[in-house]
Each structure stands twice: as structure tokens, then as C-alpha cells.
Amino acid sequence: MSFISYLSIMSGQIVNIRKDTGEISNAKEASALDSMDDVLNILRLAHERKRFAATAMNERSSRSHTAVIVHVIQKINREKMLRFKLHGPSGLSDALIGSVTNDSSTDDKLIKSQLHLIDLAGSERIKKSKASGR
Amino acid sequence: MFASPIQSTTSGIVIRTFQELIAARDFLGRNGINMSFTAQLVEIYEEAVTDLLTGIQ
């Protein structure tokens, strides 16, 4: 997984990263995010903890890498999915629909996904910004 | 696909992502797919990993 190699290169702390899922195993997950308010709250909390340092170009410049790791769980009901396939608007991939409808099992299906959004510390135009360190 | 009207033109990619996710969850929820999500926020600074939700390094 590319995320693992990225972190292992940048941080040297591979021990903290679960090899099977790529999760940072000792990092707390936000409880279920139900609304934009929940999202803004955790972003605000995280922002307060981030380290900033001044560079010549920017008074408050983030000098660290930040990763937002989103865990998505989808629980799919087969009966509803079949109805959705017949009447619903298209927009879901055939693979997703097929994974549910091609299986004769009537059990609900769970799909787990992860999305990594990574903000790399600015190293652009180092001569001008006079940024140093990592 | 699910862009929200409250999104500003200066919204960053994290905000946009969550707005899409919430809109997608609501759309899928009406169609038999129950979607939920959680997030981890992590900072890497000087070779150390910090959990931004707890402050623990």
C-alpha cells in the first residue's frame, strides 16, 4: 500500500502502522461523523494541535505533514439493492451492484474503504521561504 | 456528483471531501445502503507521529 511506504520513508515509525489495513494503530478514530459540524469540530481540534512555524514567506506556515484518514463502512441490504438497481438512478458502479446482486447469499454485505488525504509540509521555493529542517 | 450548496469556493479538499461523503451517505441511505464513516487525523513532524485527536505522540 502506497501510504505505508510513504509513512515509512517520512517518519521511520513503521511500527505504528498496521500492515494489513494501513491504519495508524495507536491513533484515535473520531466517533462516527454524522454532520459537517462533527467534521468541523475534529478539524478545529486537530488544527489547534498542529505545529506551525514562520518562514520568510509566510507568518504561519505548517512545517509538518498531515494525514486525514477516512474510514468508510457501507452496509448493503441485498433486497433494497436489487430494487435500487431496477429503479434507482445510475451512478453506482456495476462492480458495487454486482458484488451484491451476483451473490445468492441474502446476508447484508459490508464494504470497508479508506481514503487518505495527505498534506505535505511546504518545501516549495525553499530559497525564497528560507524554510529549514524537515 | 453530490456537491453541496454550502460549499464555498475557498473550501479546501478536506471540507469538500466530507461534504461529498455526507451527501453520498444521505443519498445511499435512501437506497438501501447504510454508510457511516470515522476519521483519524495524524501529523508527522521531525520523524514523530502525533495523533491530532488526542495529542499523543
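Residues numbered from 1 in each chain as written. Chains lettered and ligands numbered in written order. Predicted model: local features only at pLDDT ≥ 70, side-chain atom pairs only at ≥ 80, totals over all residues.

Undergrad: Looking at this model, I keep getting lost on the overall build of chain A. Mind explaining?
TA: On a plain count of helices and strands, chain A comes out with five helices and four strands. If you list the helices and strands of chain A from N to C, you get α-α-β-β-β-α-α-β-α. Expressed as a percentage of its 134 residues, the buried residues of chain A come to 17%. Here the contacts in chain A between residues at least 6 apart in sequence split such that 55% fall between residues at least 24 apart. (Helix = DSSP H or I, 4+ residues; strand = E, 2+ residues; numbered from the N terminus. Buried ≥ 20, exposed ≤ 12 C-beta atoms within 10 Å, placed from the backbone. Contact = placed C-beta atoms within 7 Å.)

Undergrad: It is not clear to me how the sheet that holds strand β3 (residues 65–76) of chain A should be interpreted in this structure. Could you clarify?
TA: Backbone hydrogen bonds hold the strands of a sheet together, and the pairing may be parallel or antiparallel. As summarised here, the arrangement of the four strands in space is β4(A)-β3(A)-β1(B)-β2(B), forming an open sheet in which the pairing is antiparallel. Each end of this open sheet is capped by a strand with a single partner; those strands are β4 (109–119) of chain A together with β2 (48–51) of chain B. Neighbour to neighbour, the strand axes of the sheet diverge by 25° on average, direction disregarded. Note: β3(A) against β4(A), eleven bridges, orientation antiparallel. Looking at β4(A), one finds that Lys75(A) is bridged to Leu110(A). Running at roughly 165° to strand β1 (residues 33–45) of chain B, helix α1 (residues 13–29) of chain B makes contact with β3 and β4 of chain A together with β1 of chain B of the sheet. (Pairing = 2+ DSSP bridges. Axes fitted to C-alpha atoms, helices over the stretch in contact; angles between N-to-C directions.)

Undergrad: Even after reading the chapter, I still don't get the pairing of β1(B), so can you show me in this structure?
TA: The side chains of a regular strand alternate, first on one face of the sheet and then on the other. Looking at chain direction, β3(A) and β1(B) are connected through twelve bridges and run antiparallel. Directly across from His71(A), in β1(B), lies its bridge partner Thr38(B). With four bridges joining them, β1(B) and β2(B) adopt antiparallel strand pairing. Considered in β2(B), the bridge of Glu43(B) is made with Thr50(B). The antiparallel hairpin formed by β1(B) and β2(B) contains two residues in its connecting segment, where Glu46(B) sits at a positive phi of about 50°.

Undergrad: What is the right way to read helix α2 (residues 36–49) of chain A from this model?
TA: Helical periodicity: at 3.6 residues per turn, an α-helix aligns residues three or four positions apart in one direction. Relative to the 20 Å expected for 14 residues at 1.5 Å per residue, α2(A) spans 20 Å between its end C-alpha atoms, a close match to the ideal helical length. Taken as a whole, α2(A) has its buried residues at Val39(A), Ile42(A), Leu43(A) and Ala46(A). Seen from one end, α2(A) has its buried residues packed into an arc of 100°, which puts them on one side. Across from the buried face of α2(A), at angles greater than 90 degrees, the exposed residues are Asp37(A), Leu40(A), Arg44(A) and Glu48(A). As for α2(A), its buried residues are in contact with α1 and β1 of chain B. (Expected span 1.5 Å × (residues − 1). Arc of directions from axis to C-beta.)

Undergrad: I'm lost on the confidence of the model for chain B in this one. Help?
TA: When pLDDT drops low, the exact placement of atoms in the prediction is not to be read closely. All names here are of chain B. In this model, chain B carries an average pLDDT of 81, and 88% of its residues clear a pLDDT of 70 or more. β2 is the least confidently modelled element of chain B, averaging 81 in pLDDT, while α1 averages 90, the highest of any element. Across the assembled chains, the prediction reports ipTM 0.80 with pTM 0.67. (pLDDT = per-residue confidence, 0-100.)

Undergrad: Can you help me understand α1(B) in this one?
TA: Between its terminal C-alpha atoms α1(B) stretches 24 Å, which fits the 24 Å expected from 17 residues at 1.5 Å a residue. Buried residues belonging to α1(B) abut α2 of chain A together with β1 of chain B.

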